[in-house]
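Spelled out from the first residue to the last, the chains are:
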Amino acid sequence: MTLSLTESDVLIVGGGMAGGLMAAALMHSGLSVVVLDAAPVPQMPAGAATPRVSALTEASRHMLENVGAWQQLPPARIQPYDRMHVWDGDGTGDVRFAAQDLHTDALGWIVENEALVAALYQVVTASRVQWQPNARTECIRRSEQGWRVTLADGREYCAPMLIGADGARSAVRQVAGIPGTGRDTGHVAIVGSAMTALPHGACARQRFIDSGPLALLPLFTGERGEPEARHQVSIVWSLWPAEAERLMALDDAAFDIALTQASTGCLGDMQFQGRRFVFPIQELHASSYISEGLALIGDAAHVVHPLAGQGINLGLLDAAVLAEEMLRARQRGLPHCHASALQRYERRRRGHNALMLNAMHGFKVLFEASAPPVRLVRNMGMNLVNRLLPARNLFARQAMGRGGDLPQLARSKVS
Ligand SMILES: Cc1cc2nc3c(=O)[nH]c(=O)nc-3n(C[C@H](O)[C@H](O)[C@H](O)COP(=O)(O)OP(=O)(O)OC[C@H]3O[C@@H](n4cnc5c(N)ncnc54)[C@H](O)[C@@H]3O)c2cc1C
């Protein structure tokens, strides 16, 4: 029995960061938009940092600012970083990046995923967009009117355009019959935060160890004070599962010693805070991002190794480009879900994302190599990049999201 049927122009399945930005990018377009998300109403976190954070690029910040979501984030929960330090397990290869070399204040910003979703929710629900929390899809099918989605409680939604923003295990991708090429990274990540004896100095650090990279991202502490004087970092420690299992079995004191050793003591003694979480690390690329009246964005389209912190930065760009192409089609008098708009979206995003997926995979393989000649060349390369300012700046610009075919929303402040 159909309880109710809601018709709209666009149906977004998944109200994570990618789906949230997608809705925000369309909120003033005149199109009616519905977001369906399985999770409860997003809440702005308060108190201690929540475990999942993202390093956002300048392009991501522009997109979030242009839709008004950045302004909803409590400033105390945003941690800018103006330096990056990447070094090899042996300590013989070393690259340092600084914002001042690029004549900018920050290389990026660390923000909690929950805070970002809550900020997007606040912006979007102040518009005409309908955001349905606790709305897990049960059945998705193609009908005469376009796409029809049924929830577990019987509510039904239909629209000519369906956007799959439902993450790595996307139901939309499966329903569309779009296969994903997966690559087994063989890694899991221990994730959480730690207090450090030395201040983090607003520097994002990554050490490449044979068993996988360890990222130490500077975090806000909720206290007032200079961003660089803070003493808390977010940890993403990628490891082989057996090694992760061994570390997870350690008591707190032994784990802290292992973490301090793995970080080569760069921040002094470290003390892990709260629960340790383990996440599998996948790599996946959908063979296509589109089907009739359907597009995939964010992790539904591609899952990238977190070692360069690019996953959601790519996902936000997908959303902005898809919105741009849908609106361009309308300006040309075509329906927003016209095949040409979807094809242009796929052309603009799939190649760029593939490049990033392959680059991250290449880095991982390069840094896991134990053969002495490979290590020698790799470390010479790192040291050479470190000595050449233009090469260093080229890498930093890419990491800041300044490269490629940027949508208008990502360029700078749009009035
Ligand atoms: C350890 C780790 C560290 C990372 N660090 C970074 C980083 O520093 N920088 C970076 O850019 N990226 C990072 N990433 C990647 C980043 O977290 C992901 O790219 C990002 O979360 C993907 O966002 P999304 O909105 O596409 O999908 P998700 O965050 O997975 O959101 C999907 C949404 O869809 C909803 N949903 C799912 N199925 C259904 C359904 N059937 N019906 C209704 N709703 C549904 C879910 O409730 C959820 O809200 C990291 C990843 C990991 C694992």
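Our subject is the structure listed above.
Here's a quick rundown of the structure.

Definitions and limits used
Residues numbered from 1 in each chain as written. Predicted model: local features only at pLDDT ≥ 70, side-chain atom pairs only at ≥ 80, totals over all residues. Heavy atoms only, no water. Pairing = 2+ DSSP bridges. Helix = DSSP H or I, 4+ residues; strand = E, 2+ residues; numbered from the N terminus. Contact = heavy atoms within 4.5 Å. Axes fitted to C-alpha atoms, helices over the stretch in contact; angles between N-to-C directions. Near = heavy atom within 4 Å. Polar contact = N/O pair within 3.5 Å; in protein donor to acceptor, adjacent residues only side chain to side chain. Areas by Shrake-Rupley, 256 points an atom, 1.4 Å probe, with all protein chains shown as cover. Salt bridge = Lys/Arg side-chain N within 4 Å of Asp/Glu carboxyl O. Buried < 20%, exposed > 50% of the residue type's maximum accessible area, 1.4 Å probe, protein only. Phe/Tyr/Trp six-rings, centres within 6.5 Å; stacked < 30°, edge-to-face > 60°. Lys NZ or Arg CZ within 6 Å of the ring centre and 35° of its normal.

### Some points on the sheet that holds strand 15 (residues 203-209)
Strand order in the open sheet formed by 8 strands is 7-6-15-16-17-14-18-21, with mixed pairing between adjacent strands. The open sheet has two edge strands, strand 7 (94-98) and strand 21 (302-303), and neither has a second partner. With 2 bridges joining them, strand 18 (residues 270-286) and strand 21 adopt antiparallel strand pairing. Paired with Leu-284 across the bridge in strand 21 is Val-303. In this fold helix 6 (residues 252-262) packs onto strand 14 (180-196), strand 15, strand 16 (212-219), strand 17 (232-239) and strand 18, with an angle of close to 60° to the strand it touches most, strand 18.

### Quick look at the site of the ligand
The environment of the ligand is made up of 31 residues, and the closest members are Ala-18, Asp-37, Ala-55, Asp-299 and Ile-312. Within the contact set of the ligand, an oxygen atom lies 2.7 Å away from a side-chain nitrogen or oxygen of Asp-37. At 2.7 Å from an oxygen atom of the ligand is found a side-chain nitrogen or oxygen belonging to Asp-299. Here the ligand, which alone exposes 1,000 Å², has 84% of that area covered by the protein. Looking at the shell around the ligand, the elements that each hand over two or more residues are helix 1 (17-26), strand 4 (53-56) and helix 7 (311-331).

### Details of the pattern of salt bridges
In total, this model carries 15 salt bridges according to the counting rule given. Of the charged contacts, one joins Arg-142 and Glu-292 as a salt bridge, the two residues approaching to 3.3 Å between their closest N and O atoms. Pair noted here: Arg-142 is in strand 10 (residues 137-143) and Glu-292 is in the loop between strand 19 (290-291) and strand 20 (294-296), with a separation of 150 residues, a long-range link. For Glu-292, a relative accessible area of 56% corresponds to the exposed category. Ionic pairing is found between Glu-325 and Arg-348, a salt bridge with its closest N-O pair at 2.7 Å. Here Arg-348 lies in helix 8 (residues 339-368) and Glu-325 lies in helix 7, a separation of 23 residues in the sequence. As far as the burial class goes, Glu-325 and Arg-348 line up, both buried. In this structure, a network of salt bridges that share partners links the residues Glu-324, Glu-325, Arg-328, Arg-344, Arg-348 and Asp-405.

### Remarks on the packing of aromatic side chains
Applying the stated criterion to the full structure yields 5 aromatic pairs. Arranged with centres 5.9 Å apart and planes meeting at 80°, the rings of Trp-70 and Trp-109 form a pair that is edge-to-face. Highlighted residues: Trp-70 in the loop between helix 2 (58-66) and strand 5 (79-81) and Trp-109 in strand 8 (residues 108-112), separated in sequence by 39 residues. Note on accessibility: Trp-70 and Trp-109 belong to one class, buried. Aromatic ring contacts, followed pair by pair, group Trp-237, Phe-255 and Phe-272 into a single cluster. The positively charged end of Arg-52 is found above the aromatic ring belonging to Phe-279, 4.6 Å away from the centroid.

Function cannot be inferred from these measures alone, as they are strictly geometric.
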